[in-house]
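The chain contents come next:
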Amino acid sequence: LRPLRVANRLPSVKMIITAIINSLPAIIDTFLVYFFFLFIFSMLCGTLWAGTFDFRCMDDATGEWVDEEELCYPAPTEGKGALCDGLNFLDMPYACDKGASCQNYGSSPEDGGINFDNILYSFLTLFAACTMEGWGGTLMFAQNVMGDVLVFLIFVAIIVLGNFTIINIM
């Protein structure tokens, strides 16, 4: 309450507060566009990669994990693609070396923080990518699961639209 009294007495502070209040509708509109963008890409990435960041290579002889940081994706079952019947061209995942099999590790990278298992985690992971914080690791994990070209194009779209365009408008 006291800071508001100071704002009334000092015309320059009052002008700054008025300018901030007058700019709120534009800021809210920009946030809505940004959240809509993140929501659309969260649905796309969740559809493509839900549950796929949980797999690692396990040595068949010893039963130990080969590399806990390297993701893999199980081979498609006979007659069905690993991801979806209509998207068989996407089934180019990282496969384990001979003598190892791709098994469910139980958690995603970064203690479960990087995944696309539901819309909220997708939203959070893409928000982190848009801020350019750790997006390279997320890109690498997604490329291990699905292949290179399509994942790279999706992340370029996320970075260019999300970071370079929308975040810089704010």
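Each value, and the rule that gives it
Each chain carries its own residue numbering, running from 1 in the written order of its sequence. For this predicted model, a pLDDT threshold of at least 70 governs which residues receive local features, and a threshold of 80 or more governs which side-chain atom pairs are given and counted, while totals over whole chains, interfaces and linings are taken from all residues. Hydrogens and waters are ignored; side-chain quantities use all the structure's heavy atoms. Each helix is a run of H or I in the DSSP string that is no shorter than four residues. Each strand is a run of E no shorter than two, and both are numbered from the N terminus. Between buried and exposed lies partly exposed: a residue is buried under 20% and exposed over 50% of the maximum accessible area for its type, with that area taken using a 1.4 Å probe on protein chains only. Contacts between residues were defined by any pair of non-hydrogen atoms, one from each residue, lying within 4.5 Å. Computed by Shrake-Rupley with a 1.4 Å probe, the accessible areas treat only the displayed protein chains as cover when residues are assessed. Patch building starts from residues that exceed 30% relative accessible area and form no salt bridge, then joins like charges within 9 Å and nonpolar side chains (Val, Leu, Ile, Met, Phe, Trp, Tyr) within 5 Å. Counted as salt bridges are all cases of a side-chain nitrogen of Lys or Arg within 4 Å of a carboxyl oxygen of Asp or Glu. For the purpose of charge, His is not counted, nor are the chain termini; Lys and Arg are scored as positive and Asp and Glu as negative. Charge positions come from single atoms, namely NZ of Lys, CZ of Arg, CG of Asp or CD of Glu. Confidence of the predictor in every single residue is expressed as pLDDT, which spans 0 to 100. Polar contact is the term for a pair of N or O atoms within 3.5 Å; when the atoms are in protein, one must be able to donate a hydrogen and the other to accept it, and sequence-neighboring residues count only if both atoms are side-chain atoms. Geometry is summarised by axes, namely lines fitted to C-alpha atoms with helices restricted to the contacting stretch, and by angles between N-to-C directions that run from 0 to 180 degrees. For this classification, under 35 degrees means roughly parallel, over 145 means roughly antiparallel, 65 to 115 means roughly perpendicular, and everything else is oblique. Left-handed describes a crossing whose near helix is turned anticlockwise from the far helix by less than a right angle; the clockwise case is right-handed. Any residue that is not Ala, Val, Leu, Ile, Met, Phe, Trp, Tyr, Cys, Pro, Asp, Glu, Lys or Arg is counted as polar, Gly included; the first ten are nonpolar and the last four charged. Take the buried residues of types Ala, Val, Leu, Ile, Met, Phe, Trp, Tyr and Cys, join any two whose side-chain atoms come within 4.5 Å, and each joined set is a nonpolar core.

Colleague: What is the right way to look at the overall build of the protein chain in this model?
Modeller: When its secondary structure is counted, the protein chain shows 5 helices and 2 strands. What you see in the protein chain, going N to C, is helices and strands ordered as α-α-β-β-α-α-α. For the protein chain, the residues scored as buried account for 32% of the 170 residues in total. Nonlocal contacts in the protein chain, meaning residues at least 24 apart in sequence, comprise 68% of its contacts between residues at least 6 apart. Carbon and sulfur atoms form 65% of the exposed surface of the protein chain, whose accessible area is close to 10,500 Å².

Colleague: Explain a negative patch on the surface here, please?
Modeller: A cluster of acidic residues, D67, E68, E69, E110 and D111, forms a negative patch at the surface. With respect to the element layout, D67 can be found in the loop between β1 (55–59) and β2 (100–104).

Colleague: What is the right way to read the confidence of the model for the protein chain from this model?
Modeller: Any region with low pLDDT has predicted coordinates that should not be read closely. Of the residues in the protein chain, 87% have a pLDDT of 70 or more, and the chain-wide mean is 83. Every residue in residues 79–83 is under pLDDT 50, and counting partners more than four places away or in other chains gives 15 contacts.

Colleague: Just checking my understanding: could you explain unusual backbone geometry for this structure?
Modeller: It is generally the case that most residues other than glycine have a negative phi and that most peptide bonds are trans. With a phi close to 55 degrees, E110 is a non-glycine residue in the positive phi region. Tracing the sequence through the fold places E110 in the loop between β2 and α3 (119–130). In the Ramachandran plot, M132 falls in the positive-phi region, its phi being about 65 degrees despite a non-glycine side chain. Note on placement: M132 falls in the loop between α3 and α4 (135–146).

Colleague: Quick question: what am I supposed to make of the side chain of S101 here?
Modeller: The residue S101 is located in strand β2 in this model. For S101, the side chain forms a polar contact with the side chain of Q103, separated by 3.0 Å. Leaving out residues up to four positions away in the same chain, S101 has contacts with R56, C57, M58, D60 and C96.

Colleague: What's the story with the packing of α4 against helix α5 (residues 149–169) in this structure? I'm lost.
Modeller: Think of two packed helices as two axes; the pair is described by the angle between the axes and how far apart they sit. Here α4 crosses α5 at 150 degrees, and the two axes come no closer than 9 Å. Here α4 is positioned roughly antiparallel relative to α5, judged by the angle of their axes. The two elements α4 and α5 cross, and the hand of that crossing is right-handed. For the pair α4 and α5, the contacting residues are W135, T138, L139, A142, Q143 and M146 in the first and L150, V151, F152, F155 and I159 in the second. Taken together, the residues of the contact of α4 with α5 break down into 9 nonpolar, 2 polar and no charged.

Colleague: Explanation requested: the nonpolar core in the structure shown.
Modeller: Burial of nonpolar side chains together is a common tendency in soluble globular proteins. W49 and F53 are the most contacted members of the largest nonpolar core, which has 25 residues in total. Residue assignment for this core shows that the elements contributing at least two residues are α2 (11–49), α3, α4 and α5. Tallying contributions element by element places α2 first for this core, with 7 residues. When sequence neighbours within four positions are dropped, the list of residues in contact with W49 reads F116, A142, V145, M146, V151, I154 and F155. Listed in part, the 6 residues of the second largest apolar core include C57, C72, C96 and C102.

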